[in-house]
Amino acid sequence: MEKKVEKNKSTGFSSPLIMAFCLIAGSVGTGNIWRFPRVAATNGGGAFVIAYVIIMLFAIIPLMMGEHVIGRATRRGLPGAFRDFIGTPKSTWFGSFVWVIVFMTISYYTVVISWVVYYLGLTITNGYVGVDKVELFNSVSNGNITIVLIFIALQALGAYMAYKGVKAIEKSTKVILPILFLSLIGIAIRTVTLPGASLGLNYLFDFKVQELFKSKVWLEALTQTVWSAGPGWGICIAYGVYAQRKSDISLSTTVQGFGDMGVALLSGVAIIPAIFAMSVSTEEAMSLLSSGNNGLAFVALTGVFERMQGGQLMGVLFFVALIMAGFSSLIAMYAIIYQPFNDAKISKQKSAIGLFLTTVLLGAPSAWSIKFFDNQDFVVGMGMVIGAIFSSYAITRFGAEKLRVKLLNNEHSGLSMGKWWNVSVSILFPILAVAMLIWWLILSFGWSPDWWNPFGLSIGTLVLQLGGASIVALLINTRISNATGPKLFNGSEFPPVQDNE
């Protein structure tokens with residue numbers, strides 16, 4: 001009977017390769033395309049790239065492997081996954097906290113995709129040609145009813161795709177991922193042939209050895225990997241729930257990590273040379289790259305596309321790539337927040353409608369005001385780091401060595417992890433994550449003198465929102481644990497895939 005369930009492809013991913021592609025699509029987001037290039041160029045170039053790759057290989061990918069194991073071993077959504085893997089009902093709240101973070105992310109992240117869709121329309125119609133780019137973005141990101149309507153439509157589409165289950169996620173990935181890569185490749189081919197593009201490539205890949213000894217370079221690289229690749233917000237756990245028991249966890253997760261890095265590096269090659277080629281000086285180029293995510297994508301690059309020969313086509317490809325990256329992550333997030341309701345045997349249709357309406361209500365302020373958006377972006381980013389620490393704790397509590405020997409390096413694994421993996425997930429990553437949290441908290445003091453203000457980019461808002469999420473998760477811990485259903489994991493073997501159709 002068990003073999004029959006395993007062969008029923010409607011219950012999980014059709015193949016390990018397809019699952020790896022879906023993991024890449026879910027991990028890759030707008031941060032790979034608009035954040036990586038600017039942060040790399042302004043933080044040592046090649047030194048940043050080296051630090052980024054090292055952290056991915058020796059801290060982030062190993063942790064994501066552990067999260068993958070948690071999902072496959074428990075076959076439960078986030079609350080049940082932490083409950084069953086740690087082995088106590090009192091631990092359910094860890095997963096509930098991460099679930100809240102993902103829910104908050106959906107509510108504001110869809111706003112980014114809405115802006116991008118709007119700018120794709122402007123690019124096609126030459127709507128930003130000859131206008132002040134800063135004023136234009138301000139009008140788009142504040143009080144724009146069209147953005148709100150696009151936001152609602154995207155929420156509905158993302159919720160529907162995840163509602164349709166794994167097969168719909170697979171089908172969307174087969175469309176999204178090729179378009180994403182082809183769009184970036186098309187931009188890269190054009191930009192590296194521009195006069196002066198070589199200067200931009202030098203800023204991306206050239207480096208001085210002393211840059212590798214700067215803590216800021218490593219902290220920026222760590223921030224990029226955590227906020228981009230996906231540890232801490234549940235994608236590996238969620239997709240691991242529907243993985244075949246015999247697929248290679250280490251290989252699938254490594255492919256996911258390299259795919260995420262590939263998109264980031266390709267974005268760097270596509271964007272940085274264009275900035276340098278179309279700037280009158282190095283100082284101007286660096287100023288544009290220092291203008292923040294929104295400033296780079298919607299102000300600096302729109303100006304570059306306006307001046308570049310063939311820039312309209314490049315603009316279309318750029319915003320299409322951003323849409324593909326953002327929307328694939330949105331589908332993954334909706335899949336994550338559906339799972340606990342599925343575990344509790346709540347009607348999928350009712351939960352889908354309820355979650356859609358709630359995320360729209362919670363996200364509407366971000367769609368209307370960029371000030372509110374910035375606040376949520378800051379809070380969610382810090383929440384993801386805490387979520388990753390929770391994953392590390394769950395692995396350590398279960399036993400990193402036990403996990404590695406019995407579940408990770410199983411008979412189906414062609415890529416075995418050595419004892420260094422234990423150190424990476426139980427010691428190295430927590431140290432790095434705590435350092436990153438402290439660094440960003442210190443930075444937040446400089447953003448506003450009112451560090452206590454619960455409505456600004458401050459420690460106050462972190463305490464209010466993340467503290468509030470923790471308190472709620474603790475208060476409803478027993479109820480969520482009881483609703484999740486019986487434990488499926490026996491501590492040493494992967495149970496069969498659960499139906500999500």
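Residues numbered from 1 in each chain as written. Predicted model: local features only at pLDDT ≥ 70, side-chain atom pairs only at ≥ 80, totals over all residues. Heavy atoms only, no water.

*Asks:* Explain the overall build of the chain to me, using residue names and the numbers behind them.
*Replies:* If you tally the helices and strands in the chain, you get 22 helices and 0 strands. The C-alpha radius of gyration computed for the chain amounts to 22 Å, which stays within 12% of the reference 23 Å derived for 501 residues, consistent with globular compactness. Restricting to contacts in the chain with at least 6 residues of sequence separation, those with at least 24 account for 85%. As presented, the chain carries roughly 19100 Å² of accessible surface, and 67% of it is formed by carbon and sulfur atoms. Computed over 34 positive and 24 negative side-chain charges, the inter-centroid distance for the chain is 11 Å. (Helix = DSSP H or I, 4+ residues; strand = E, 2+ residues; numbered from the N terminus. Rg over C-alpha atoms; globule rule 2.2 N^0.38 Å. Contact = heavy atoms within 4.5 Å. Areas by Shrake-Rupley, 256 points an atom, 1.4 Å probe, with all protein chains shown as cover. Lys, Arg positive; Asp, Glu negative; His and termini not counted. Charge placed at Lys NZ, Arg CZ, Asp CG, Glu CD.)

*Asks:* Which residues make up helix α13 (residues 249-277), and what values go with them?
*Replies:* Spanning 29 residues, α13 covers 42 Å between terminal C-alpha atoms, matching the ideal 42 Å at 1.5 Å per step. Counting buried residues in α13 gives 24 out of 29 residues, a clear majority hidden from the surface. A distance of 3.1 Å separates the backbone nitrogen of Ser250 from a side-chain oxygen at the start of α13, and that oxygen is part of Asp248. (Expected span 1.5 Å × (residues − 1). Buried < 20%, exposed > 50% of the residue type's maximum accessible area, 1.4 Å probe, protein only. Polar contact = N/O pair within 3.5 Å; in protein donor to acceptor, adjacent residues only side chain to side chain.)

*Asks:* For the side chain of Ser392, give the residues involved together with the corresponding values.
*Replies:* Summarising the element assignment, Ser392 is placed in helix α18 (residues 370-398). What Ser392 contacts, discounting residues up to four positions off in sequence, is Leu63, Val425, Ser426, Phe429 and Pro430.

*Asks:* Describe a nonpolar patch on the surface, and please don't skip the residues or the numbers.
*Replies:* Judged by side-chain polarity, Ile54, Phe58, Trp420 and Leu428 come together as a nonpolar surface patch covering roughly 350 Å² of accessible area. Listing elements by their share of the nonpolar patch, those giving two or more residues are α4 (46-74) and α20 (420-447). One can find Ile54 in helix α4. (Patch = residues over 30% accessible without salt bridge, like charges linked within 9 Å, V, L, I, M, F, W, Y side chains within 5 Å. Salt bridge = Lys/Arg side-chain N within 4 Å of Asp/Glu carboxyl O.)

*Asks:* Quick one: what's the story with the packing of aromatic side chains, residue by residue and with numbers?
*Replies:* Within this structure, the stated rule accounts for 32 aromatic pairs. Between Trp99 and Phe103 the ring centres are 5.3 Å apart and the planes differ by 15°, which places this aromatic pair in the stacked class. Of the two residues, Trp99 and Phe103 are both situated in helix α6 (residues 92-124); the distance of 4 residues between them amounts to about one turn of the helix. The buried category is assigned to Phe103, whose relative accessible area is 10%. Ring centres of Tyr119 and Phe319 lie 5.8 Å apart, and the angle between their planes is 35°; on these two criteria the pair is classed as tilted. In this pair, Tyr119 is assigned in helix α6 and Phe319 in helix α16 (residues 311-343), connecting sequence segments 200 residues apart. A relative accessible area of 0% places Tyr119 in the buried class. In this structure Phe319 comes out as buried when scored by relative accessible area, which is 0%. A cation sits over an aromatic face here: Lys348 above Tyr163, 5.7 Å from the ring centre. It is Lys402 that lies over the ring of Phe398; its NZ or CZ is 4.6 Å from the centre. (Phe/Tyr/Trp six-rings, centres within 6.5 Å; stacked < 30°, edge-to-face > 60°. Lys NZ or Arg CZ within 6 Å of the ring centre and 35° of its normal.)

*Asks:* Tell me about the nonpolar core, and please be specific about residues and values.
*Replies:* Grouped together as the largest cluster of nonpolar side chains are 176 residues, with contacts concentrated most on Leu180, Tyr239 and Phe318. Residue contributions to this core peak at 20 residues, all from α6. Dropping the residues within four chain positions of it, Leu180 is found in contact with Val28, Ile33, Val263, Ala321, Met324 and Ala325. (Core = buried A, V, L, I, M, F, W, Y, C linked by side-chain atoms within 4.5 Å.)

*Asks:* Tell me about the packing of helix α3 (residues 30-41) against α4, residues and numbers included.
*Replies:* Any two packed helices are characterised by the angle at which their axes cross and by the distance between the axes. The interhelical angle for the contact between α3 and α4, taken along N-to-C directions, is 125°, at an axis separation of 7 Å. By the criterion of interaxial angle, the relationship of α3 to α4 is oblique. Residues Phe36, Val39 and Ala40 of α3 pack against Phe48, Val49 and Tyr52 of α4. The residue makeup of the contact of α3 with α4, split by class, is 6 nonpolar, no polar and no charged. (Axes fitted to C-alpha atoms, helices over the stretch in contact; angles between N-to-C directions. Parallel < 35°, antiparallel > 145°, perpendicular 65-115°, else oblique. Nonpolar A, V, L, I, M, F, W, Y, C, P; charged D, E, K, R; others polar.)

*Asks:* A description of the environment of Val98 should follow, citing residues and the corresponding values.
*Replies:* Position of Val98 among the secondary structure elements: in helix α6. Each C-alpha atom of the pair Val98 and Phe137 lies 32 Å from the other, and the pair is 39 residues apart in sequence. In this view, Val98 contacts Leu78, Gly232, Trp233, Gly234, Gly387 and Phe390; residues no more than four positions away in its chain are not counted.

*Asks:* Talk me through the side chain of Asn422; I want residue IDs and the actual numbers.
*Replies:* With respect to the helices and strands, Asn422 occurs in helix α20. Here the side chain of Asn422 touches Glu401 through a polar contact of 2.5 Å, side chain to side chain.

*Asks:* Residues and numbers for the pattern of salt bridges, please.
*Replies:* Within the structure shown, the criterion is met by 9 salt bridges. Notably, a salt bridge pairs Arg35 with Glu220, separated by 3.5 Å at the nearest N-O pair. In this pair, Arg35 is assigned in helix α3 and Glu220 in helix α11 (residues 215-229), connecting sequence segments 185 residues apart. Exposure class is identical for Arg35 and Glu220. Each is buried. Put simply, Glu211 and Lys214 hold a salt bridge, and the shortest N to O gap is 3.2 Å. Judged by relative accessible area, which is 16%, Glu211 ranks as buried. Looking at Lys214, the relative accessible area reads 41%, which means it is partly exposed. Beyond isolated ion pairs, a larger network of salt bridges with shared partners links Arg35, Lys216 and Glu220.

*Asks:* So, the packing of α3 against helix α15 (residues 292-307): which residues are in play, and what are the values?
*Replies:* One way to put it is that α3 packs onto α15 with a least axis distance of 9 Å and a crossing angle of 110°. With respect to α15, the axis of α3 lies roughly perpendicular. Here Trp34, Arg35 and Arg38 of α3 come into contact with α15, specifically with Gly292, Asn293, Asn294, Leu296, Ala297 and Phe298.

*Asks:* I'd like to hear about α20, residue by residue, with values.
*Replies:* Here α20 spans 39 Å end to end across 28 residues, near enough to the 40 Å set by a 1.5 Å rise per residue. Maximum bend of α20: about 35°, positioned at Leu428, with proline Pro430 one to four residues after it. For α20, every residue scored as buried is listed here: Trp421, Asn422, Ser424, Val425, Phe429, Pro430, Ala433, Met436, Leu437, Trp439, Trp440 and Ser444. (Bend = angle between axes of the 7 residues up to and from the residue.)

*Asks:* Explain the confidence of the model for the chain to me, and be specific about the residues and the numbers.
*Replies:* Scored by pLDDT, the chain has a mean of 91; 97% of the residues are at 70 or more. In the model of the chain, helix α1 (residues 2-7) stands out as the element of lowest mean pLDDT, 42, in contrast to helix α5 (residues 78-86), which has the highest, 97. Low pLDDT, under 50, characterises residues 1-9; the predicted model gives this stretch 11 contacts beyond four residues in sequence or across chains. (pLDDT = per-residue confidence, 0-100.)

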